Amino acid sequence: MAADHKRARRMSLRSKIILLVAAAMVIVAGVVTVISFIHFRAAAIDEQTKLAYGVANVASDAIDADRVDEFIAQGHAAEGYARVDKRFNDLANSAEEIEYVYAYKILEDGCHVVFDADTPDTPGSEPGDIVEFDEAFVDRLPTLLAGGEIPPIQSNEKYGWLLTIYRPVYDSKGVCQCYVGVDINMNHIATNGYQFMARVVSLFFGFFLLILTGAIWLAEYNIILPINTMD
């Protein structure tokens, strides 16, 4: 009877040790996975934001802000319009993540198109066309109408998950004549994030099995916690 009691004690302690190690590994794996995903997502968004600003800076430098109204009124017939339009299309095709590159003059009745790069699916809007305000920018309209700068905006509506930046373009008198807008498709970040999490979980699962096997072996030979053999 005493021997059976000792064996039962050993089995109980081994089970507790194994469960403790398993629980600790699961908690650590969960915390590290979540933290890693948050940092991965933040770094990816920051990278795409830098890309958007880089594209917007190059596009805005190509525009003669003193001639924005002329570009809107005359469109492709305006001198130099074709050159700037080509620059916008080249920028739109320079990276897979770039969804749209355009220049709008923001007025009370909507966004007046100055330039709008073509996409593989649809041609860009014509100069002078009026585009309705996007719901994601409604709260920013007073700033845009005043020619101020706004922070990057993320939206997830009919165009999917987009990161949009608006860069003001000032004329020779310092007045904002239009905004260069760049939309970055962010859907790949979600896909890459899930793949990243899957790799992290797989890595931890391998370590989990290794450590759990070691814990079982140590518990089996009473190395982790010697068992008192007294009656």
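In this text, all values refer to a predicted model and were calculated from it rather than measured experimentally.

1. Let's talk about a nonpolar patch on the surface
Next up, step 1: Taken together, the side chains of Leu203, Phe207, Leu210 and Ile211 define a hydrophobic patch exposed on the protein surface, amounting to about 400 Å² of accessible area.
Next up, step 2: Here Leu203 shows up in helix α5 (residues 187-220).
Next up, step 3: On the basis of relative accessible area, Leu203 is assigned to the exposed category, the value being 52%.

2. Some thoughts on the sheet that holds strand β4 (residues 153-157)
Next up, step 1: With antiparallel pairing, six strands are arranged side by side in an open sheet as β3-β2-β1-β6-β5-β4. With partners counted over all chains shown, the strands left at the sheet margins are β3 (130-131) and β4, one partner each.
Next up, step 2: Note: β4 against strand β5 (residues 160-170), five bridges, orientation antiparallel. Pairing of Gln154 across the sheet is with Leu163, part of β5.

3. Points about helix α3 (residues 81-92)
Next up, step 1: Counted at 1.5 Å a residue, the expected span for α3 with its twelve residues is 16 Å, and the 17 Å between its end C-alpha atoms agrees.
Next up, step 2: Of the residues making up α3, those classed as buried are Tyr81, Val84, Asp85, Phe88, Asn89, Leu91 and Ala92. Across the axial projection of α3, the buried residues extend over an arc of 160°, all falling on one side. In this structure, α3 carries Ala82, Arg83 and Lys86 as exposed residues pointing more than 90 degrees from its buried face.

4. Overview of the packing of aromatic side chains
Next up, step 1: Scanning the entire structure with this criterion turns up eight aromatic pairs.
Next up, step 2: Between Phe71 and Tyr81, the aromatic rings sit 5.8 Å apart at their centres with planes inclined by 70°, giving edge-to-face as the arrangement. With Phe71 in helix α2 (residues 68-74) and Tyr81 in helix α3, the pair connects residues that are ten residues apart, well separated along the chain.
Next up, step 3: The exposure class assigned to Phe71 is buried, which follows from its relative accessible area of 1%.
Next up, step 4: An angle of 25° between the planes, with centres 5.2 Å apart, marks the rings of Phe88 and Phe115 as stacked. Residue Phe88 is found in helix α3, and its partner Phe115 is found in strand β2 (residues 110-116); the two are separated by 27 residues along the sequence.

5. Observations concerning the layout of surface pockets
Next up, step 1: Size it by volume and the second largest pocket reaches roughly 180 Å³.
Next up, step 2: Lining the second largest pocket are Ala92, Asn93, Ala95, Glu96, Ile98, Glu99, Tyr100, Asp118, Thr119, Pro120, Asp121 and Thr122.
Next up, step 3: Considering each element in turn, the lining of the second largest pocket owes the most residues, three residues, to strand β1 (residues 98-107).
Next up, step 4: Each residue belonging to the lining of the second largest pocket can be placed in one class, and the counts come to five nonpolar, three polar and four charged.

6. Examining the confidence of the model for the protein
Next up, step 1: Within the protein, residue pLDDT values average 82, and 83% of them lie at 70 or more.
Next up, step 2: Contacts of residues 227-231 to residues separated by more than four positions or lying in other chains number nine contacts, the stretch itself having pLDDT below 50.

7. Considerations on the side chain of His112
Next up, step 1: By the element assignment, His112 lies in strand β2.
Next up, step 2: A polar contact of 2.8 Å, which involves the side chain of His112, links it to the side chain of Asp109.
Next up, step 3: In contact with His112, other than residues within four places in its own chain, are Ile72, Ala103, Tyr104, Lys105, Leu107, Asp129 and Ile130.

8. Some points on the pattern of salt bridges
Next up, step 1: A complete count under the given rule lists four salt bridges for this structure.
Next up, step 2: For Glu70, the salt bridge goes to Arg67, with nearest N and O atoms at 2.9 Å.

9. As for the nonpolar core
Next up, step 1: Among the nonpolar cores identified, the biggest contains 35 residues, and Ile63, Phe88, Val101, Val114, Phe115, Val180 and Val182 are the most heavily contacted of them.
Next up, step 2: Looking at this core, the elements with two or more residues in it are α1 (2-61), α2, α3, β1, β2, β5 and β6 (176-185).
Next up, step 3: When near neighbours in sequence (up to four residues on either side) are disregarded, Val180 contacts Ala56, Ala59, Ser60, Ile63, Phe88, Tyr102, Ala103, Ile165, Tyr166, Arg167 and Val169.
Next up, step 4: Tyr102, Tyr104, Ile106 and Phe137 belong to the second largest nonpolar core, which has 13 residues in total.

The rules we used
Residues numbered from 1 in each chain as written. Predicted model: local features only at pLDDT ≥ 70, side-chain atom pairs only at ≥ 80, totals over all residues. Heavy atoms only, no water. Patch = residues over 30% accessible without salt bridge, like charges linked within 9 Å, V, L, I, M, F, W, Y side chains within 5 Å. Areas by Shrake-Rupley, 256 points an atom, 1.4 Å probe, with all protein chains shown as cover. Salt bridge = Lys/Arg side-chain N within 4 Å of Asp/Glu carboxyl O. Helix = DSSP H or I, 4+ residues; strand = E, 2+ residues; numbered from the N terminus. Buried < 20%, exposed > 50% of the residue type's maximum accessible area, 1.4 Å probe, protein only. Pairing = 2+ DSSP bridges. Expected span 1.5 Å × (residues − 1). Arc of directions from axis to C-beta. Phe/Tyr/Trp six-rings, centres within 6.5 Å; stacked < 30°, edge-to-face > 60°. 1 Å grid on protein atoms, 1.4 Å probe; cavity = no way out; pocket = protein on both sides within 12 Å on 5 of 7 lines; lining within 4 Å. Points joined across faces, edges and corners; volume = space filled by probe spheres on them. Nonpolar A, V, L, I, M, F, W, Y, C, P; charged D, E, K, R; others polar. pLDDT = per-residue confidence, 0-100. Contact = heavy atoms within 4.5 Å. Polar contact = N/O pair within 3.5 Å; in protein donor to acceptor, adjacent residues only side chain to side chain. Core = buried A, V, L, I, M, F, W, Y, C linked by side-chain atoms within 4.5 Å.

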